[in-house]
Amino acid sequence: MNAFVNVVRAELFKVRRKRRTYVVAGLWWVLLPVLALIVGRVLLDNLGSIASDLELGGIDAVIQQIASPFGIARLALVGPAYVSPTFYVIVVALLAALLVGDDRTHAMWKTVLVVQPSRLAVLAGKVTVGMLVVGALMAGAVIAGLAFGALGTTFLPTDFSGEWGQLLLLYALQWAFTTALVALAYLMVYVTRNVALGLVLVFFLPALLEGLYTVYAAVVGFQPINRFNAFLQAIRMRQVLEDLPTYFFTTNVYAPARSTTRELVATFGAEASGNGGPDLSALLGSGITLGHAAWVVAGYTVVLFALLVWRFLRTDVD
């Protein structure tokens, strides 16, 4: 237990003194809320005079969704899940590079394992610190949303209303789902023994595999038009493969953050069906439930951590 606590203390000391931690926090806690307030003010100045002509429940309702304390806090949850690569995986990858990759870069692994001879304690401490930092950054995003949103109420028609309980639950779920990202990032950086290559794999490997499957499904499909597809149908695998996108890593890991997208889109009067409007099916996601996503992410997490622990405990370090 003492070894675990010492590792946590040492890694937190390291994280607190790295510039990347504060850059990430600044982007999430300051830049995003400021942009939301600027957008809210621009909308008010440009559309306030014609608000009565808009079929959006008034421009005040739109600004409330974007620049209110609740709106900014929600954007801080949803927005990072839609950039590519997502801001969540960028944060986790930077932490993996710091907590796992730096020890190899500076030839510190043998020193670390001499000071703390329990490899399991070392790995557990590094994983714990990674999750604590991600949790602190997400908690800071909520607080920043409250602070900047409160400032916005002084010059925007906004208030503190909103389903705060549901939002905080989604934050907690997204933090828990991030465990799978931590396992993937630590595994890639440790196995490749190269920080740059590990980060590239973390950013693009899941998307690449999912993209290859999507191309195959679109071009070839799973109709029994050849011996291979006929064999799949005979062993009852065709339906499983057709449903495979609902088990994709990225589709499920970001499910809590993306679950409020439909509500945001509805605020602007858009329809998911695309009746006379843009097709937003890709933005709105596959419609999987959070329960389904939780089971899938749990499976990924167990497998990835099992591989990480096995590799970390059995391989030599230099």
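Before any of the text, the structure's been laid out above.
Parameters and conventions
Counting restarts for each chain, with residues numbered from 1 along the sequence as it is written. Only residues with pLDDT of 70 or above have their local features reported here, since the model is predicted, and side-chain atom pairs are shown and tallied only from 80 upward, although totals for entire chains, interfaces and linings are computed over all residues. The basis for every side-chain value is the complete set of non-hydrogen atoms in the structure, without hydrogens or water. Interaxial angle, 0 to 180 degrees, is taken between N-to-C directions of lines fitted to C-alpha atoms, where a helix line uses only the stretch in contact. The secondary structure listing takes helices from DSSP runs of H or I that are at least 4 residues long and strands from runs of E that are at least 2 residues long, numbered from the N terminus. Roughly parallel here means an angle under 35 degrees, roughly antiparallel means over 145, roughly perpendicular means 65 to 115, and every remaining angle is called oblique. By definition, turning the near helix anticlockwise from the far helix through less than a right angle yields a left-handed crossing, and turning it clockwise yields a right-handed one. Any two residues whose heavy atoms approach within 4.5 Å at even a single point are treated as in contact. Throughout, the ten residues Ala, Val, Leu, Ile, Met, Phe, Trp, Tyr, Cys and Pro are labelled nonpolar, Asp, Glu, Lys and Arg are labelled charged, and all others, Gly among them, are labelled polar. For cavity detection a 1 Å grid was placed over the protein atoms alone, and a set of points counts as a cavity when a 1.4 Å probe fits there but cannot get out; an open set counts as a pocket when protein lies on both sides within 12 Å along at least five of seven lines, with lining residues being those that have an atom within 4 Å of a point. Grid points are joined across faces, edges and corners, and a volume is the space filled by probe spheres set on the points. One side-chain nitrogen of Lys or Arg within 4 Å of one carboxyl oxygen of Asp or Glu is enough to make a salt bridge. Summary of the burial criterion: residues with accessible area below 20% of their type's maximum are buried, those above 50% are exposed, and those between are partly exposed, where the area comes from a 1.4 Å probe applied to protein chains only.

Trainee: Any chance you could explain the packing of helix α7 (residues 119-152) against helix α8 (residues 164-192) here in plain terms?
Mentor: One way to put it is that α7 packs onto α8 with a least axis distance of 10 Å and a crossing angle of 150 degrees. Our classification of the angle between α7 and α8 gives roughly antiparallel. Every pair of crossing elements has a handedness; the one defined by α7 and α8 is right-handed. Along its contact with α7, which presents Lys126, Val127, Gly130, Met131, Val134, Gly135, Met138, Ala141, Val142 and Leu146, the element α8 presents Trp164, Leu168, Tyr171, Gln174, Trp175, Thr178, Thr179, Val182 and Tyr186. Looking at the contact of α7 with α8, its residues break down into 13 nonpolar, 5 polar and 1 charged.

Trainee: Please clarify how the layout of surface pockets should be interpreted in this entry.
Mentor: Over the atoms rolls a probe the size of a water molecule, and in doing so it shows where empty space is left. Roughly 310 Å³ of internal volume is contained in the second largest pocket. Elements supplying a minimum of two residues to the lining of the second largest pocket: α8, α9 (195-219) and α12 (249-253). Partitioned by chemical class, the residues of the lining of the second largest pocket number 13 nonpolar, 4 polar and 2 charged.

Trainee: How should I be thinking about the pattern of salt bridges in this particular structure?
Mentor: Here the idea is simple: oppositely charged side chains can pair when their charged atoms come close. Applying the stated criterion to the full structure yields 6 salt bridges. The closest approach of N and O atoms between lysine 126 and glutamate 11, which form a salt bridge, is 3.0 Å. Placement of lysine 126 in helix α7 and of glutamate 11 in helix α1 (residues 2-16) is noted, with a sequence separation of 115 residues between them. Linking lysine 126 and aspartate 103 is a salt bridge whose minimum nitrogen-to-oxygen distance equals 2.7 Å. One end of the pair, lysine 126, is in helix α7; the other, aspartate 103, is in helix α5 (residues 87-105), and 23 residues separate them in sequence. Look at lysine 126 and you get buried, because its relative accessible area is 1%. On the basis of relative accessibility, which here comes to 5%, the residue aspartate 103 falls in the buried class.

Trainee: How should empty space enclosed by the protein be read in this particular structure?
Mentor: Enumeration according to the criterion identifies 2 cavities of 30 Å³ or more in this entry. Approximately 70 Å³ is the volume attributed to the largest cavity. Arg20, Thr21, Val24, Val91, Leu94, Leu95, Leu98, Val133 and Leu137 are the residues that line the largest cavity. Elements with a contribution of two residues or more to the lining of the largest cavity: α2 (19-47), α5 and α7. In terms of residue count, the dominant contributor to the lining of the largest cavity is α5 (4 residues). Put simply, the second largest cavity is a space of about 30 Å³. For the second largest cavity, the full set of lining residues is Val100, Trp109, Leu123, Lys126, Tyr186, Tyr190, Leu308 and Phe312. Residue assignment for the lining of the second largest cavity shows that the elements contributing at least two residues are α7, α8 and α16 (290-314).

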